[in-house]
Structures are given as structure tokens and as C-alpha cells.
Number of protein chains: 2
Amino acid sequence: MTVATMARPLTTPVASDEALKADLQKKFKYHHGNLRDALLVAARDLLEQDGIEGLSLRALAKATGVTQAAPYSHFRDKDELLAAIAEEGFQRLAIQMAEDATGAASTQDRLKKLVVSYISFAQSNKALFQIMFGRELSDLKRFPTLAMTAGKSYALLSSALAGRLKEGVDARFLSVSLWSLCHGLTTLVIEQKLSIDSFGTASLEEFVARSVDIFSPQLA
Amino acid sequence: MTVATMARPLTTPVASDEALKADLQKKFKYHHGNLRDALLVAARDLLEQDGIEGLSLRALAKATGVTQAAPYSHFRDKDELLAAIAEEGFQRLAIQMAEDATGAASTQDRLKKLVVSYISFAQSNKALFQIMFGRELSDLKRFPTLAMTAGKSYALLSSALAGRLKEGVDARFLSVSLWSLCHGLTTLVIEQKLSIDSFGTASLEEFVARSVDIFSPQLA
DNA sequence: GCTGTATCTCAACGATGCCAAGATATTTTT
DNA sequence: AAAAATATCTTGGCATCGTTGAGATACAGC
């Protein structure tokens, strides 16, 4: 949350909520003046409130005080909007992970912190995470920058492992393996396929710690 | 595929495609006679052809030669249909996994075969798998049998580990951990978040084998 | 100031999930 | 066997959604 407002160098820059609100206070103009950003901000709010189902272009238009067709001046279709949202999400995820993992004592510790951060992000941004990794973005080829941005969080995991592996261990194999565990646990928790009662906030960290420990013998 | 036609003791029994086709050949009656099953079969076909987006109640109605509102005599809403589809999917998944893992030489071998079976199922039934584990089924409380059936495939993994752990290793922890890795890898592959070029059909099995080997030190 | 472009409104299309009322077949009851 | 009750399907319609085309209005560059 604060992460996003603090970190401004996004490829899809979004005005802070405060500045945006001031923008909306301006006397009504035929031209909104900042509709694209307003839509993205409204989308973030709508996602938090009503989840992924509540996010419709019409609802977004109404939230920004504009007619249904207006968004189409800034996004070719809904997918393009979702791609923008997802890309911002990937940026925030990578930033939060990097932040949360600073000052790690060891490679293992860094891995644990990265994974916990990943899961935490998903938990506090469930709908956003679903957009980022769901099947709403069908044509990945349409949004080439998306895949690149999405790779940043994986790169954090991957580079945390690089050069710290026991001889003979394939780096790519191990990082994909760990990412799979991380991502699988996340989606299962988010989608409530795991009885969460056995994972309190604290015990989830412990779970991650023990999981990463399984990978430790592969490290130098 | 053949698994489903061979194994008939499903909680939601579905007539075989052949028998169903014969059913449809019958002279048209005002009462369809077997609409519920026909809808589920048509849904399976539609899912394979057009994916999850193409699966609409209206398309299903048209496919079974019936008007839009007819399905509502058998399913309260779309979610109830999806739940039935998902439940059948979970049954098939568990059956296939059990089949594919028979005759395993060791615990490790059995685990590998179970995981590979899981991924294979998802690959050859992408849309179905998405329904099973996606967010379409919002209210899990509405379909209490679903969670139970869904647990069967996990139970296979879990019981393959039971009693074969090194002393001091928590069974639940390890099975959830392995399942997370399995499920995460699956969704990432399915959703094309992993560059698949590095995973041929053969090399994916090898990847799974190596992943399971990471867990081996935890086994007795 | 004029022109061109970007932005937004208006009205509409087709598709979707869903529902109420009625018609028709099947089952149950008498 | 006749009648009543129920299950199943049709008809017509509602609201919502993404999307589009035509036109109005503001803005930018000349």
C-alpha cells in the first residue's frame, strides 16, 4: 500500500490518490483531464471492495464520473486495462519483495523473506493477484512488457540463489522449483483450498521457513 | 479420457457419450428425458473446444437442443453446474492419479508418478482444471461435497507419505509442501507463466523427478 | 484564429445470467 | 382409470456487460 505511493518510478505511472482526489475536485470539465490515471485508481479501489467480479468498465466509468464509452479513449478494450493493472501489480510485488528481504542474514533467510513477502502481497491484494496470475489476460503476446515486468519477482528469487548452489545443482531448476512451491502455496491459500485455520499469520511464516529448509541441502 | 468412460462409479454419474448420443437420436420429446447428463456431456465438449470462456448456459442449451431456460430445471444457477463439472473432474483426477501410480517401485517413485499424473491431467484438461481450481466457484460452502471430493487427490499424495517419514518430520507439513510445489508448477505451466520450451514432455518428468528428490532426505 | 486531433457523450447492438408465467409431459394419488 | 400434483420445458423479458459508430466539445499546434 504505502509501497506503491512511495515508489513512483513505475512504467505505468499513477498519480497518488491524494493528488487524484484533488484533481477530481476541480470544476467539472468536458475533458476529464486525467481519466486514464483516475480509472486505474478507481479500479484499485473497486478491486479491494467488490473483488474481481465487481470490476466492470461501466462501474469504473461511473466511479470516475464519466460515461460508459469514455474509457475506450484510453484503453482499446478491457484486457488492456487489466494488463495495465497487472503490470502495476507486478511492479509493486517486486518492490515489496525487495524491501522485505533487505538485511537478510543468510541466503536461506533471504529466500524465506522473499517467499513470505510474496504470500503476504497476495493475501492483502487478493483480487489484484488473481488478475496478475489468472487467465483474464488471455493474449500474453499483446502485452509484451507484461511478461518482462512479471519476471522481476521471479528474478529476485532466482538471483538470490545464483552463485550459492552446491556444485552440480542446476540453478534454473532449483529456482523454478522453489518458485513453484511458493506460488502453489500462495494460490492454494488465497483460493481457500487449504484449511487456513492451520496457518495463522505466524505459523505461515514458520511453514515457509521449514519449506525453504528443505531446499537448504542444495545450497553451498 | 478413457479413464472416465471406464470408471463409472461417480457420485455424479454421467452417461457415456455413446449412450448419450443414442439418447439424442430418439424422436424429439417435449421432455428431453436426460437433460442433466446431456448438459454435463455437452459442457465437457464445449470446454475442450472453446475453453472456459465459451462455456455459457445458452451455448449449452443450444448444444442440447433446448431453450435457454431449460437448464434451470436441473441447476439452480451456473455455479451449480460448474460445481457438478468440477466434482466430476476431481473424481477423474483422483482415479487417473491412482491408476498412474500403481506398481510404483518405491515411495519416491510413487510420489513422482502421482505428481506427473497431476500435471498431465491439467495439461490435457486445461479448462476443466481451471474450473476445478479457479475462482468460479465462489461459495465453497454451497457445495460441501466438492471440498471432500477435491481432497481425494491430495489424500493420495498425503497417504503416500504417511508412515514413511524420517522421525521428527511433520507429515502434514511435508504433504502440503509437496502438494504446493506440484500445484504451483502445474498452474504456472498451464497458465504459460513458465517458458515451456525448456520443458518438453520428457524433461518435465525429469523436472518432477528431481523436485521429488529434494524431498527425499525427509523420507525414511 | 483555424485546423486537426484527442477526448468524451449518446445511442445502440449482441451476448450473457437469470426470472416469472404458462404450457406440456410425467408421476402420484385417489 | 380419472384426477391431482409435480417435474420439465417454452416464451418473453429484465438487467448487466463489453463494444462500437456517429457526433459534440475541448485542446494543441500552426
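Caption draft 1: Inspection of the overall build of chain A at higher detail. In terms of helices and strands, chain A carries ten helices and zero strands. Residues classed as buried in chain A amount to 38% of the 220 residues present. Restricting the contact set of chain A to residue pairs at least 6 apart, pairs at least 24 apart contribute 65%.

Caption draft 2: Quick peek at the interface of chain B and chain A. The partner chain A presents 26 residues to the 26 residues of chain B that form the contact. Taken together, the elements giving at least two residues each to the side of chain B that touches chain A come down to α7 (126–133), α9 (171–190) and α10 (201–215) of chain B. Considering each element in turn, the side of chain B that touches chain A owes the most residues, eleven residues, to α9(B). Along the lines of polarity and charge, the residues of the side of chain B that touches chain A split into 13 nonpolar, nine polar and four charged.

Caption draft 3: Focus on the nonpolar core. Judged by nonpolar contacts, the single largest core of 107 residues is most densely connected at A:A43, A:L114, A:V115, B:A43, B:L114 and B:V115. Setting aside anything within four residues of it in sequence, one finds A:L114 in contact with A:M97, A:A101, A:L156, A:L157 and A:A160.

Caption draft 4: How the structure looks around the confidence of the model for chain A. Summarising the model, chain A shows a mean pLDDT of 87, and 83% of its residues fall at 70 or more. Overall, residues 20–28 of chain A carries pLDDT values under 50, and its contacts beyond four positions in sequence, including any with other chains, amount to seven contacts.

Caption draft 5: Expanded view of the packing of helix α6 (residues 107–124) of chain B against α9(B). All names here are of chain B. Their axes nearest at 10 Å, the elements α6 and α9 cross at an angle of 30°. Relative to α9, the element α6 lies roughly parallel. Both α6 and α9 take part in a crossing whose hand is right-handed. Where α6 approaches α9, its residues L111, V115, Y118, I119, A122 and Q123 are matched on the opposing element by L178, C182, L185, T186, V189 and I190. For the contact of α6 with α9, the class distribution of residues is ten nonpolar, two polar and no charged.

Caption draft 6: Geometry of helix α9 (residues 171–190) of chain A. Over its 20 residues, α9(A) runs 28 Å from end to end, which matches the ideal 28 Å to within 8%, given 1.5 Å per residue. Burial analysis of α9(A) places 16 of its 20 residues in the buried class, the great majority of the element.

Caption draft 7: Broad picture of the relation of the copies chain B and chain A. Least-squares fitting of chain B to chain A yields an RMSD of 0.0 Å, with the transformation described by 0.0 Å of translation along the axis and a rotation of 180°. Within this description, the copies of the chain are treated as partners about a two-fold rotation axis. The overlap is high: 100% of the interface residues of chain B also sit at the interface in chain A, so the same surface is used on both sides.

Caption draft 8: Local environment of the packing of helix α5 (residues 78–100) of chain B against helix α8 (residues 144–161) of chain B. Residues and elements named next belong to chain B. Here α5 crosses α8 at 20°, and the two axes come no closer than 9 Å. One finds that α5 runs roughly parallel with respect to α8. As for how α5 packs across α8, the hand of that crossing is left-handed. When α5 is examined against α8, the residues A83, A86, E87, F90, Q91, L93, A94, M97 and A98 are found in contact with a partner set consisting of T145, L146, T149, A150, K152, S153 and L156. The class makeup of the residues in the contact of α5 with α8 is ten nonpolar, four polar and two charged.

Caption draft 9: Geometry of unusual backbone geometry. Residue and element names in this part refer to chain A. One non-glycine residue, Q192, lies in positive phi territory at about 60°. Locating Q192 in the fold gives a position in the loop between α9 and α10 (201–215). The exposed category is assigned to Q192, around which 11 C-beta atoms lie within 10 Å.

Caption draft 10: Here's a closer look at the environment of A:S211. Relative to the elements of secondary structure, A:S211 occurs in helix α10. When the 23 C-beta atoms within 10 Å are taken as the criterion, A:S211 is described as buried. Expressed as a C-alpha distance, the spacing of A:S211 and A:K112, which sit 99 residues apart in the sequence, is 8.6 Å. Not counting chain neighbours up to four residues away, the residues in contact with A:S211 comprise A:L181 and B:S177.

Caption draft 11: Quick look at the environment of B:G51. Secondary-structure assignment places B:G51 in the loop between α3 (35–50) and α4 (57–63). For the pair B:G51 and B:N125, spaced 74 residues apart in sequence, the C-alpha to C-alpha distance is 9.7 Å.

Caption draft 12: Inspection of the environment of A:A83 at higher detail. Residues and elements named next belong to chain A. Within the element layout of this structure, A83 appears in helix α5 (residues 78–100). Judged by the 22 C-beta atoms lying within 10 Å of it, A83 falls in the buried class. Separated by 68 residues in the primary sequence, A83 and G151 place their C-alpha atoms 15 Å from one another. Apart from the residues lying within four places of it in its own chain, the contact partners of A83 are L137, F143 and L146.

What counts as what
Residues numbered from 1 in each chain as written. Chains lettered and ligands numbered in written order. Predicted model: local features only at pLDDT ≥ 70, side-chain atom pairs only at ≥ 80, totals over all residues. Helix = DSSP H or I, 4+ residues; strand = E, 2+ residues; numbered from the N terminus. Buried ≥ 20, exposed ≤ 12 C-beta atoms within 10 Å, placed from the backbone. Contact = placed C-beta atoms within 7 Å. Nonpolar A, V, L, I, M, F, W, Y, C, P; charged D, E, K, R; others polar. Core = buried A, V, L, I, M, F, W, Y, C linked by C-beta atoms within 7 Å. pLDDT = per-residue confidence, 0-100. Axes fitted to C-alpha atoms, helices over the stretch in contact; angles between N-to-C directions. Parallel < 35°, antiparallel > 145°, perpendicular 65-115°, else oblique. Left-handed = near helix turned anticlockwise from the far one by under 90°. Expected span 1.5 Å × (residues − 1). Least-squares fit on C-alpha atoms with pLDDT ≥ 70 in both.

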